[in-house]
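These are the residues of each chain, in order.
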Amino acid sequence: VGIFGLLLMPLVGKFLNRMNLRLLISFGFAVLASVMFMMSSLNADASFIQQATPRLIQGIGLACFFLPLQQVLFSDVSSDELASASGLGNFLRNISGSISTAVSVWLWSERTEYHHATLVDQLQDDGAWQQWSGTLAQYGIADSGALAYTQGVIAHQAQTLAINDLARLFGIVLLLLIPVLWL
């Protein structure tokens, strides 16, 4: 994430006074939403490059989001109140980050449980377990070993599907926030 953000932030900061801040924040949100949609399509076998590419692009969105947002937040604050406003802004950002992290982890857990149940149901339908356990037996994985192995595969896939759900949700939320910037 850091490399593109690190390279772009000085440029964004240099030209910040010449840009429409809402347009720049909207662009940042659009880039971040695009990254979330890219990440929502990854599977459990995604390569390092497939996982790193969206993160690199994410740095562009972050650079176009954070600096202009700070400028907008402090634009109507007088010089003598700037330190207090900065402290309050940091406090609110930290509290919001903590709450959103807790909610995200809870949603991930809930979606993981949902996908786990769905995958188990699908494995039980139409003789799928017999076919799957037969395939595992050919590789020397049988009985309780087959159950343990299958549980590991299902858990891993359920977590992947859940994180994809969250990435899709975050992308939608970011897109829905763009019009709010223009109110």
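Residues numbered from 1 in each chain as written. Predicted model: local features only at pLDDT ≥ 70, side-chain atom pairs only at ≥ 80, totals over all residues. Heavy atoms only, no water.

Caption draft 1: Inspection of the layout of surface pockets at higher detail. Empty space within the largest pocket amounts to approximately 1100 Å³. Lining the largest pocket we find 33 residues, and of these Phe-65, Phe-66, Arg-93, Ser-96 and Ser-100 sit closest to its centre. When contributions to the lining of the largest pocket are tallied by element, the ones reaching two or more residues are helix H2 (21–39), helix H3 (48–73), helix H4 (82–124) and helix H6 (143–181). Tallying contributions element by element places H4 first for the lining of the largest pocket, with 12 residues. The residue makeup of the lining of the largest pocket, split by class, is 21 nonpolar, 10 polar and two charged. (1 Å grid on protein atoms, 1.4 Å probe; cavity = no way out; pocket = protein on both sides within 12 Å on 5 of 7 lines; lining within 4 Å. Points joined across faces, edges and corners; volume = space filled by probe spheres on them. Helix = DSSP H or I, 4+ residues; strand = E, 2+ residues; numbered from the N terminus. Nonpolar A, V, L, I, M, F, W, Y, C, P; charged D, E, K, R; others polar.)

Caption draft 2: The arrangement of the side chain of Thr-150 in detail. Relative to the assigned elements, Thr-150 resides in helix H6. Accessibility expressed as a relative area gives 5% for Thr-150, which makes it buried. Side-chain polar atoms of Thr-150 contact the backbone oxygen of Ala-146, separated by 2.7 Å. (Buried < 20%, exposed > 50% of the residue type's maximum accessible area, 1.4 Å probe, protein only. Polar contact = N/O pair within 3.5 Å; in protein donor to acceptor, adjacent residues only side chain to side chain.)

Caption draft 3: Expanded view of unusual backbone geometry. Phi is positive for Asp-143, close to 55°, though the residue is something other than glycine. Mapped onto the elements of the fold, Asp-143 is located in helix H6.

Caption draft 4: Just the side chain of Ser-40, in detail. Of note, Ser-40 is situated in the loop between H2 and H3. Accessibility expressed as a relative area gives 9% for Ser-40, which makes it buried. With residues near it in sequence (within four places) discarded, Ser-40 still touches Asn-164, Ala-167 and Arg-168. (Contact = heavy atoms within 4.5 Å.)

Caption draft 5: A look at the pattern of salt bridges. For the coordinates displayed, the defined rule picks out two salt bridges. A salt bridge links Asp-165 to Arg-111; the nearest nitrogen and oxygen atoms lie 2.8 Å apart. Note that Asp-165 is positioned in helix H6 and Arg-111 in helix H4, a separation of 54 residues in sequence. You can call Arg-111 partly exposed: its relative accessible area is 30%. Note that Asp-165 is salt-bridged to Arg-168, the shortest N-O span being 3.2 Å. Of this pair, Asp-165 and Arg-168 both sit in helix H6, three residues apart, which is roughly one turn of the helix. Relative accessible area serves as the criterion here: at 17%, Asp-165 is assigned to the buried category. One network of salt bridges, in which partners are shared, links Arg-111, Asp-165 and Arg-168. (Salt bridge = Lys/Arg side-chain N within 4 Å of Asp/Glu carboxyl O.)

Everything listed is a geometric property; what it means functionally is a separate question.
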